[in-house]
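Residues per chain are reported as follows:
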Amino acid sequence: TSTILMTQMIGRGLRGEKAGGTKEAYIVSFIDDWQNKINWVNPGKLFIDENVDFSDSTSPETRKRLLQLISIEKMEEFAKILDETVDTTDLEKIDFIKRIPVGLYCFSILPSSENSEDEKISDGKTCEVLVYDNIQKAYSDFINDLPKLFKDKKNSEQDEKRIENLSKKIDHAYFSRCEKLPAYRIEDVKDILHFYAQTEEKPLFVKFSNREQFDISKIAQEIFNKNLSIRDVRPYQDEVWNDNKISWQAFFGYNQDYFIRACNLELEKLQATPNPLISPNPPVEDDCIQIKTLLNYLSKEQLKNICQINELALNGSEDTLIERISSYFNHNLTQILDDLFVNDLKSICRGLRIAVYGNKEAIINRILRNITNV
């Protein structure tokens, strides 16, 4: 049996018409020892792996496919950041440009002639190793030293234990002083070692030449500089998303939620940076409008709960309830937020497309920063 053959069969069936496949595919699911062996991959990635020659990095088609490949590889990261149950604080602190790879090593590992303990190696696989600013020099030094590392003929043998031991030495010698985020995996080092052991060739490095175009912090800076109101931010983001001058949609896998979340994260960083030209606690302009905007993100049931807790009337439309709540708190935004439950505050955060993690105080401060500075 071959795990990679199973993966390829399913991948070809799921390609879809745009990737040269069929409109529909029928896959029979069954329980067997396959369930731990199938290396699920994006069908678009299979198409790129099998049809694109990355050696011609100047070709427009190659650059287009490179962008698609990087987007596929980044989907897991974008999904984690959007998932409020996953703590991605350390990753989010990294400047967005540093979370964009400078390029990737692209190579294929041939099926091993021996009975390797690693099922994926025994069947062969196509590898793309994303390289970021934090590990670029370490990878470059490691790749350049491959001939020295394989002077010992024992290292050239496709023995998993030797590869494992060598990868640990390389990890310590080249990568121990590097930051491990946004991405570093010792498994990538092992793949490169397997490739060199088979071919005695250095893997091809493909540079992401238009990387700077996708620095979303520039969009956040434009929003910040224009001093857009909270109501104007989303239309501006929609306009950028639909502008075909930069392939934002392709980069974010055609998922606008990933784009909005990434943009708002960069906005939060700008809002958290003290400005010496303004007072530390600038007044909120037009509190009534801001309060109405925020409370509009709550459901009618949530608004009724707030009224019930504060012994206010429950009748009327949502606008009536919002006005009633605002008047009760003398249109004081901070007091209103402090009175809300954490789940209510999280609903507001989701409406604003900002982070929802943290305790109540942290969430309120995040909302106030967003309202005050955007």
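Cut-offs applied
- Residues numbered from 1 in each chain as written.
- Predicted model: local features only at pLDDT ≥ 70, side-chain atom pairs only at ≥ 80, totals over all residues.
- Heavy atoms only, no water.
- 1 Å grid on protein atoms, 1.4 Å probe; cavity = no way out; pocket = protein on both sides within 12 Å on 5 of 7 lines; lining within 4 Å.
- Points joined across faces, edges and corners; volume = space filled by probe spheres on them.
- Helix = DSSP H or I, 4+ residues; strand = E, 2+ residues; numbered from the N terminus.
- Nonpolar A, V, L, I, M, F, W, Y, C, P; charged D, E, K, R; others polar.
- Salt bridge = Lys/Arg side-chain N within 4 Å of Asp/Glu carboxyl O.
- Buried < 20%, exposed > 50% of the residue type's maximum accessible area, 1.4 Å probe, protein only.
- Axes fitted to C-alpha atoms, helices over the stretch in contact; angles between N-to-C directions.
- Left-handed = near helix turned anticlockwise from the far one by under 90°.
- Contact = heavy atoms within 4.5 Å.
- Phe/Tyr/Trp six-rings, centres within 6.5 Å; stacked < 30°, edge-to-face > 60°.
- Arc of directions from axis to C-beta.
- Pairing = 2+ DSSP bridges.
- Polar contact = N/O pair within 3.5 Å; in protein donor to acceptor, adjacent residues only side chain to side chain.
- pLDDT = per-residue confidence, 0-100.

A separate point is empty space enclosed by the protein. On inspection of all chains with the given rule, the structure shows two cavities of 30 Å³ or more. What the largest cavity holds in volume is close to 50 Å³. Those elements giving two or more residues to the lining of the largest cavity turn out to be α3 (60-82) and α13 (256-272). The biggest single contributor to the lining of the largest cavity is α13, with four residues. Considering only residue class, the lining of the largest cavity consists of six nonpolar, no polar and two charged. Taken together, Gln 302, Asn 305, Ile 306, Ile 309, Asp 339, Leu 340, Phe 341 and Asp 344 make up the lining of the second largest cavity. When residues of the lining of the second largest cavity are assigned to their parent elements, the largest contribution, four residues, is made by helix α15 (residues 300-309). Residues belonging to the lining of the second largest cavity are distributed by class as follows: four nonpolar, two polar and two charged.

A separate point is the pattern of salt bridges. One pass over the full model with this rule turns up eight salt bridges. For the salt bridge of Lys 137 with Asp 141, the shortest nitrogen-to-oxygen distance reads 2.9 Å. Within this pair, Lys 137 and its partner Asp 141 are both found in helix α6 (residues 133-144), separated by four residues, close to a single helical turn. You can call Lys 137 exposed: its relative accessible area is 61%. Residue classification places Asp 141 among the partly exposed residues on the basis of a relative accessible area of 28%. Between Glu 164 and Lys 168 there is a salt bridge, and its shortest N-O distance comes to 4.0 Å. Residue Glu 164 and its partner Lys 168 are located together in helix α8 (residues 160-175), separated by four residues, close to a single helical turn. Through salt bridges with shared partners, one network takes in Glu 164, Lys 168 and Lys 190.

Once that is clear, we can look at the packing of helix α10 (residues 217-226) against helix α11 (residues 230-242). A pair of packed helices can be characterised by two numbers: the angle between their axes and the separation between those axes. Interaxial distance between α10 and α11 falls to 11 Å at its minimum, and their mutual angle equals 140°. Here α10 and α11 pass one another in a crossing that is right-handed. Facing Ile 219, Glu 222, Ile 223 and Lys 226 of α10, the residues of α11 in contact are Val 233, Tyr 236, Gln 237 and Val 240.

The next thing to look at is the packing of aromatic side chains. Summed over all chains, the structure comprises 19 aromatic pairs. Judged by centre distance (5.9 Å) and plane angle (50°), the rings of Tyr 105 and Tyr 139 are tilted. Of this pair, Tyr 105 sits in strand β1 (residues 103-109) while Tyr 139 is found in helix α6, placing the two residues 34 residues apart along the sequence. In terms of burial, Tyr 105 and Tyr 139 fall into one category: buried. Pairing Phe 251 with Phe 252 gives two aromatic rings, centres 5.2 Å apart and planes at 80°, and the pair type is edge-to-face. For Phe 251, a relative accessible area of 1% corresponds to the buried category. Aromatic rings pair up to connect Phe 96, Phe 208, Phe 214, Trp 241, Trp 248, Phe 251, Phe 252 and Phe 259 into one cluster.

At 3.6 residues per turn, the α-helix brings residues three or four places apart onto the same side. Of all the positions in helix α16 (residues 318-328), only Leu 321, Ile 322, Ile 325 and Ser 326 are classed as buried. Looking straight down α16, one finds that the buried residues subtend no more than 130° of arc, so they occupy a single side. Of the residues one or two after α16, Asn 330 is the one with positive phi, at around 55°.

Let us now look at the side chain of Lys 190. Secondary-structure assignment places Lys 190 in helix α9 (residues 186-199). Apart from the residues lying within four places of it in its own chain, the contact partners of Lys 190 are Ile 163, Glu 164 and Ser 167.

A few words on the sheet that holds β1. Across the sheet, which stays open at both edges, the three strands sit in the order β2-β1-β3 with antiparallel pairing between neighbours. Strands at the two margins of the open sheet, each flanked by one partner only, are β2 (125-131) and β3 (204-207). If you compare each strand with its neighbour and ignore which way they point, the axes differ by 25° on average. Here β1 pairs with β3 via four bridges, running antiparallel. Across the sheet, residue Leu 104 finds its bridge partner in β3, namely Val 206. Contacts from α6 reach β1 and β2 within the one sheet, and its direction differs from that of β2 by about 130°. Contacting β1 and β2, α9 crosses the sheet at an angle of about 50° to β1.

Once that is clear, we can look at the side chain of Ser 71. Tracing the sequence through the fold places Ser 71 in helix α3. With a relative accessible area of 4%, Ser 71 lands in the buried category. For Ser 71, the side chain forms a polar contact with the main-chain oxygen of Phe 251, separated by 3.0 Å.

The subject of this paragraph is the confidence of the model for the protein chain. When pLDDT is averaged across the protein chain, the result is 77; 77% of the residues are at 70 or more. The secondary structure element of the protein chain with the lowest average pLDDT is helix α2 (residues 43-51), at 44, and the one with the highest is α6, at 93. Scored below 50 in pLDDT, residues 31-52 shows 41 contacts in the model against residues more than four places distant or in partner chains. Across residues 115-120 the pLDDT falls below 50, and counting only partners more than four positions away or on other chains, this stretch makes nine contacts in the model.

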